[in-house]
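Chain by chain, the residues run as shown.
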Amino acid sequence: MNRGPLPLRPDERLIFALDVPGRAEALQWVERLGDAVSFYKIGMELLASGEYFDVLEELAKRDKRVFVDLKFFDIPATIAGVVRRLSQWPVSYCTIHGWHPAMMEAAAAANGSDMRLLAVTVLTSMGRPDLAQMGIDREPVDVVVERALAAQRAGIDGVIASGQEAAPIRAATGAGFSIVCPGIRPGGPAGDDQQRTVGVAQAFADGADAIVVGRPIRLAPDPRAAALAMQQEIATASS
């Protein structure tokens, strides 16, 4: 059953992608950003370090929200087991792939906590040519909306999708369905592997609940100042 949107303070609508190789680097970033960031996404690179849950616990001790971004995709029974165990940890968001209704239904049924499940629709690094190579000859927005609706029917709490699709997703799913947008590029396209990008204000204007930002903060001359500038944009967009 859909749990509704995660209650977020304005400062929790910015999620920093903690894409680092280990615990020491992760905690250095938490110290560097201080009160400019209250929500962290931890993903696959950190998982490979063997220190993933150490970092998760440390973030929770510091009263930071945690987004587990491991994009689970397997048979329904396996995904149900993973979600059931993960729901015992202090996790706010968790991603699963949104390609298999039975898997999503099993994940939703197994979630015994306030953790919100987000379905991965189409990765923000992909465009129409990439979908065509997978046998899907359609525009990304059409595929994203279709998968968002399938996730909603399956009882998933929301999606993670490009800000370019936030408005059509919101129009299709209505209120009460979470939209979290990665691939945010405040200064416009940055020439990296992200193809479907938008700025901070546009994402929220189009219906996003939260945004995920990595490189625009991590590579900034002053990362904390960059995060605070985005927080100000979010506060303005939300007022």
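Since the model is a prediction, treat every value here as computed from it, not as a measurement. (Residues numbered from 1 in each chain as written. Predicted model: local features only at pLDDT ≥ 70, side-chain atom pairs only at ≥ 80, totals over all residues. Heavy atoms only, no water.)

Novice: Would you take a moment to explain helix α3 (residues 52-61) for this structure?
Specialist: One turn of the α-helix equals 3.6 residues, which is why residues spaced by three or four share an orientation. Within α3, burial applies to Y52, V55, L56, E58 and L59. Angularly, the buried residues of α3 cover 165° about the axis, an arc narrow enough to put them on a single face. Contact partners of the buried residues in α3: α1 (23-33), β2 (39-42), α2 (44-47) and β3 (65-72). Positive backbone phi, at 60°, marks D63, one or two positions downstream of α3. (Buried < 20%, exposed > 50% of the residue type's maximum accessible area, 1.4 Å probe, protein only. Helix = DSSP H or I, 4+ residues; strand = E, 2+ residues; numbered from the N terminus. Arc of directions from axis to C-beta. Contact = heavy atoms within 4.5 Å.)

Novice: What is the right way to read the packing of aromatic side chains from this model?
Specialist: In this description, a pair of aromatic rings is defined by centroid distance and the angle of the planes. On inspection of all chains with the given rule, the structure shows 7 aromatic pairs. Plain terms: the ring middles of F53 and W89 are 4.6 Å apart, the flat faces sit at 40° to each other, and that makes the pair tilted. Within this pair, whereas F53 is found in helix α3, its partner W89 is found in the loop between α4 (76-86) and β4 (93-97), the two being separated by 36 residues in sequence. Exposure remark for W89: the relative accessible area of 31% places this residue in the partly exposed category. Site record: aromatic cluster; members linked through ring pairs are F16, W29 and Y40. Against the face of W29 rests R32, its NZ or CZ located 4.3 Å from the ring centre. (Phe/Tyr/Trp six-rings, centres within 6.5 Å; stacked < 30°, edge-to-face > 60°. Lys NZ or Arg CZ within 6 Å of the ring centre and 35° of its normal.)

Novice: Would you take a moment to explain the UniProt feature "active site" (unreviewed entry) in the protein for this structure?
Specialist: Per the UniProt record, "active site" (unreviewed entry) is found at D69, K71 and D74. Tracing the backbone shows D69 in strand β3. Residue classification places D69 among the buried residues on the basis of a relative accessible area of 6%. The contacts of D69, once residues within four sequence positions are left out, are K41, I42, G43, M44, Y52 and T95. There is a polar contact of 3.1 Å between the side chain of D69 and the side chain of K41. Tracing the chain through its elements places D74 in the loop between β3 and α4. The class of D74 is partly exposed, set by a relative accessible area of 39%. (UniProt positions renumbered as here; feature names shortened; annotations may be inferred. Polar contact = N/O pair within 3.5 Å; in protein donor to acceptor, adjacent residues only side chain to side chain.)

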